[in-house]
Amino acid sequence: MVRKIVFLGPPGAGKGTQAVRLAQELGVPHIATGDLLRAEVQNQTELGMRAKSYMDRGELVPDELVVAMIRGRLEKASGFVLDGFPRNLSQAQLLNGVTRVERAVLFSLSREEIVKRLSARRLCPQCGQIYNLLARPPKHDEICDACHTRLMQRSDDRPEVIENRVDIYTREIQPVLEFYQNQSVLREVDARGSVEEVYRAVKAAVS
Ligand code: AMP
């Protein structure tokens, strides 16, 4: 199985859920730029303060900020599951200068389904567990199964921001797909199935 993996796909396609599981099975770090950026914002670091206004609008944080945040982790790693990066061609090229990606897995999902899923997404602010009120609800009404904290909605999962994020994704990802297609490392998985079904497809894509 390959060990240097990037997950591509629209917000809400289930990349995070699958990335956690695959990284655990392969024994490599799961590097999610969105999670790292949210932690920087929470800790009110200089980087976090610069990133926040972009994130609130659903826009991409400038490449140099994101790359500075993950470069060190990538240089050291013999493997990784990168989730949420690269988001545009320039990030894919910058990444290529740091390390060689062995497989790029595209999670495909229709626009309608993306909007539906993101509107139903909830997050535990305490332990980070992700739920979906439609597909993966908690046992008790909006309470985390693991740590019993009240779930919250990400501020960028509001309808007007969701539309903006999907527009940006659709525009920016096309050249990234061509980039990885040209390197013969691109594989596509249908993100519509259950968590189990999608995981099987992901495993096949990285074998
Ligand atoms: P995510 O959790 O992956 O949906 O990311 C949440 C937000 O963080 C995005 O809407 C962007 O504002 C920012 N972000 C995450 N990853 C990147 C990236 N690779 N490049 C630029 N901005 C990013």
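Anyway, here's the lowdown on the structure attached to this text. Each residue is numbered by its place in its chain's sequence as written, counting from 1. With pLDDT at 70 or above as the cut-off, local features in this predicted model cover only qualifying residues; side-chain atom pairs require 80 or more to be listed or tallied, and sums for whole chains, interfaces and linings still use all residues. Note: side-chain values were computed over all heavy atoms of the structure, leaving out hydrogens and water.

**So, the packing of helix α2 (residues 33–42) against helix α3 (residues 46–57)**
As a reminder, the rule being used: Note on geometry: axes are lines fitted to C-alpha atoms, helical ones only across the stretch in contact, with angles between N-to-C directions running from 0 to 180 degrees. Note on conventions: DSSP H or I runs of at least 4 residues are helices, E runs of at least 2 residues are strands, and numbering of each starts at the N terminus. By convention, the crossing between two helices is left-handed when the near helix turns anticlockwise from the far helix through less than a right angle, and right-handed when the turn is clockwise. Any two residues whose heavy atoms approach within 4.5 Å at even a single point are treated as in contact.
Contact geometry of α2 with α3 gives a least axis separation of 8 Å together with a crossing angle of 115 degrees. Judged by the twist between their axes, the crossing of α2 over α3 is left-handed. For the pair α2 and α3, contact is made by Gly34, Leu37, Arg38, Glu40 and Val41 and by Leu47, Gly48, Ala51, Lys52 and Met55, respectively.

**Some thoughts on the packing of helix α6 (residues 111–119) against helix α7 (residues 159–182)**
So the rule is basically this: Note that the term roughly parallel is reserved for angles under 35 degrees, roughly antiparallel for angles over 145, roughly perpendicular for angles of 65 to 115, and oblique for everything else. Ten residue types, Ala, Val, Leu, Ile, Met, Phe, Trp, Tyr, Cys and Pro, are classed as nonpolar, four, Asp, Glu, Lys and Arg, as charged, and the remainder, Gly among them, as polar.
In the contact formed by α6 and α7, the axes pass within 10 Å of each other and the chain directions differ by 140 degrees. Here α7 runs oblique to α6, going by the angle between their axes. In the packing of α6 onto α7, the handedness of the crossing is right-handed. In contact with Arg111, Ile114, Val115, Leu118 and Ser119 of α6, α7 contributes Ile162, Glu163, Arg165, Val166 and Asp167. Partitioned by chemical class, the residues of the contact of α6 with α7 number five nonpolar, one polar and four charged.

**Regarding the site of the ligand**
To keep things clear, this is the line we draw: Throughout this document, a residue counts as near a molecule or strand when at least one of its heavy atoms sits within 4 Å of that molecule or strand. Side-chain atoms alone can form a polar contact between residues adjacent in sequence; in general such a contact is a pair of N or O atoms within 3.5 Å, and within protein one must be able to donate a hydrogen while the other accepts it. Accessible areas in this description were obtained via Shrake-Rupley with a 1.4 Å probe; residue shielding takes into account the shown protein chains only.
Near the ligand lie 16 residues; those nearest to it are Thr33, Arg38, Glu59, Gly84 and Gln91. The side chain of Arg154 places a nitrogen or oxygen atom 3.1 Å from an oxygen atom of the ligand. Against a free-state accessible area of 480 Å², the protein chains account for coverage of 94% of the ligand. Of all the elements, α2 adds the most residues to the shell around the ligand, at four residues. In terms of residue class, the shell around the ligand is made up of six nonpolar, four polar and six charged.

**Some remarks on empty space enclosed by the protein**
Put simply, the test is: In the cavity and pocket records, a cavity denotes points on a 1 Å grid over the protein atoms alone where a 1.4 Å probe fits but cannot get out, a pocket denotes an open set with protein on both sides within 12 Å along at least 5 of 7 lines, and lining residues are residues with an atom within 4 Å of a point. Grid points are joined across faces, edges and corners, and a volume is the space filled by probe spheres set on the points.
Tallied over the full model, the rule gives one cavity of 30 Å³ or more. Taken as a whole, the largest cavity encloses approximately 40 Å³ of empty space. Along the walls of the largest cavity sit Val67, Ile70, Arg71, Leu74, Phe85, Gln91, Leu94, Leu95 and Val98, which together make up its complete lining. Residue assignment for the lining of the largest cavity shows that the elements contributing at least two residues are α4 (63–76) and α5 (89–98). Here the residues of the lining of the largest cavity are counted per class, giving seven nonpolar, one polar and one charged.

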